[in-house]
Amino acid sequence: MAEEQVEQARRGPGRPREERVTRAVLDAVVELVAENGMGALTMDAVAARAGVSKPAMYRRWSTKQDLVIAAAESRIGPLTVPDMGDFRAELRAVLTARMKAYRQPGVGRLLAGVIGSAAEADAEPAAYRAYTARVMSETRHLLERGVARGDVRPDVDVPAAATLVAASLVFRLVGEQRLPDEALVESVVDLIGRAVAARA
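Residues numbered from 1 in each chain as written. Predicted model: local features only at pLDDT ≥ 70, side-chain atom pairs only at ≥ 80, totals over all residues. Heavy atoms only, no water.

Undergrad: It is not clear to me how the overall build of the chain should be interpreted in this structure. Could you clarify?
TA: Assigned secondary structure in the chain consists of 10 helices and 0 strands. Counting from the amino terminus, helix and strand elements in the chain follow one another as α-α-α-α-α-α-α-α-α-α. Projected onto the principal axes, the alpha-carbon positions of the chain cover approximately 70 × 35 × 30 Å. Looking at the 200 residues of the chain, the share that counts as buried comes to 40%. Long-range contacts, defined here as pairs at least 24 residues apart, represent 67% of the contacts in the chain between residues at least 6 apart. Carbon and sulfur atoms make up 55% of the accessible area of the chain, which totals about 10,500 Å². Mean positive and mean negative side-chain charge positions of the chain (28 and 27 charges, respectively) differ by 2 Å. (Helix = DSSP H or I, 4+ residues; strand = E, 2+ residues; numbered from the N terminus. Buried < 20%, exposed > 50% of the residue type's maximum accessible area, 1.4 Å probe, protein only. Contact = heavy atoms within 4.5 Å. Areas by Shrake-Rupley, 256 points an atom, 1.4 Å probe, with all protein chains shown as cover. Lys, Arg positive; Asp, Glu negative; His and termini not counted. Charge placed at Lys NZ, Arg CZ, Asp CG, Glu CD.)

Here it is in structure tokens:
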């Protein structure tokens, strides 16, 4: 009986086992990338680090790109900001949450890997676009809520503004190889806030 089956028989059926495998694999991806970069990331290495079988991994992620995106989303996924009555306050909350996520060990290399994997010849662009759409969804929501509330210009280009918000921290981390910080957050809040503010 395979290791996976033995483990399942011992624990019995249920979600905790599934969640444990998922968490172990995604943590292993982040750790391996942090230690050795994307070049050393193989399905064999992840399975060994996570202590799971490769079939268990392939049942969840059919490609390495799927696995890397899932690992990135485990650290930088969708978030929700409540209505604070002020666009700048809400934008600061989004950027602060992202800044803290980007400062986690290994996340810079992981994000660089996600971006790089999207450019590979055999990559599926739709998977990467779907991930970025999920990550940016709350920023778009804040902009739309601001328009409805009246503190964001009704003619603002919401997709372009959301891209500018997301790109600021990602480029600081991946392009400039520097950790984003509170000063960057405040600068982006000020710049974007002034650019999209409704005219009095």
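Undergrad: Sorry, what's going on with the pattern of salt bridges here?
TA: Pairs can form between side chains of opposite charge once their charged atoms are near each other. Within the structure shown, the criterion is met by 15 salt bridges. Of the charged contacts in the structure, one is a salt bridge between aspartate 151 and arginine 149, with a shortest N-O distance of 3.2 Å. Here arginine 149 falls in the partly exposed class, since its relative accessible area comes to 28%. Two residues, arginine 172 and glutamate 176, come together in a salt bridge whose shortest N-O distance is 2.7 Å. Here the residues in one salt-bridge network are Asp83, Glu90, Arg145, Arg149 and Asp151, joined through shared partners. (Salt bridge = Lys/Arg side-chain N within 4 Å of Asp/Glu carboxyl O.)

Undergrad: Sorry if this is basic, but what is going on with the packing of helix H5 (residues 64–75) against helix H8 (residues 125–149) here?
TA: A pair of packed helices can be characterised by two numbers: the angle between their axes and the separation between those axes. Running from N to C, H5 and H8 cross one another at 10 degrees; their axes reach a closest spacing of 11 Å. Between H5 and H8, the crossing angle belongs to the class labelled roughly parallel. Contacts from Gln65, Asp66, Ile69, Ala72 and Glu73 in H5 reach Ala127, Tyr128, Tyr131 and Arg134 in H8. Counted by class, the contact of H5 with H8 contains 5 nonpolar, 1 polar and 3 charged residues. (Axes fitted to C-alpha atoms, helices over the stretch in contact; angles between N-to-C directions. Parallel < 35°, antiparallel > 145°, perpendicular 65-115°, else oblique. Nonpolar A, V, L, I, M, F, W, Y, C, P; charged D, E, K, R; others polar.)

Undergrad: Honestly, helix H10 (residues 182–196) in this entry has me stumped. Any pointers?
TA: Helical geometry note: an α-helix holds 3.6 residues per turn, so side chains three or four residues apart project in the same direction. In this model, H10 (15 residues) spans 21 Å end to end at C-alpha, consistent with the 21 Å of a helix rising 1.5 Å per residue. All of the buried residues in H10 are Leu184, Val185, Val188, Val189, Ile192, Gly193 and Val196. Summarising the axial view, the buried residues of H10 lie within an arc of 150 degrees, below the 170-degree limit, and thus occupy one face. Opposite its buried face, H10 presents the exposed residues Ala183, Leu191 and Arg194, each directed more than 90 degrees away. (Expected span 1.5 Å × (residues − 1). Arc of directions from axis to C-beta.)

Undergrad: Where do I start with the confidence of the model for the chain in this structure?
TA: For any part of a model where pLDDT is low, the fine detail of the predicted coordinates should not be relied upon. In the predicted model, the chain carries a mean pLDDT of 88, and 90% of its residues have values of at least 70. Confidence over residues 1–13 falls short of pLDDT 50; this stretch has 13 contacts with residues more than four positions distant or in other chains. (pLDDT = per-residue confidence, 0-100.)

Undergrad: Would you explain the side chain of glutamine 65 in this entry?
TA: Relative to the assigned elements, glutamine 65 resides in helix H5. Here glutamine 65 falls in the buried class, since its relative accessible area comes to 11%. Not counting residues within four places of it along the chain, the set of residues in contact with glutamine 65 comprises Ser117, Ala118, Ala123, Glu124 and Tyr128.

Undergrad: What am I meant to see in the nonpolar core here?
TA: As a rule of thumb, soluble globular proteins bury nonpolar side chains together. Core analysis: the biggest nonpolar cluster contains 57 residues, and Val25, Val46, Met57 and Leu67 have the highest contact counts within it. Secondary structure elements with two or more residues in this core: helix H2 (15–36), helix H3 (43–50), H5, helix H6 (87–102), helix H7 (107–118), H8, helix H9 (158–175) and H10. Counting residues per element, this core draws most heavily on H2, which supplies 9 residues. Contacts of methionine 57, omitting those with residues within four sequence positions, involve Val25, Met43, Val46, Ala47, Val52 and Leu67. (Core = buried A, V, L, I, M, F, W, Y, C linked by side-chain atoms within 4.5 Å.)

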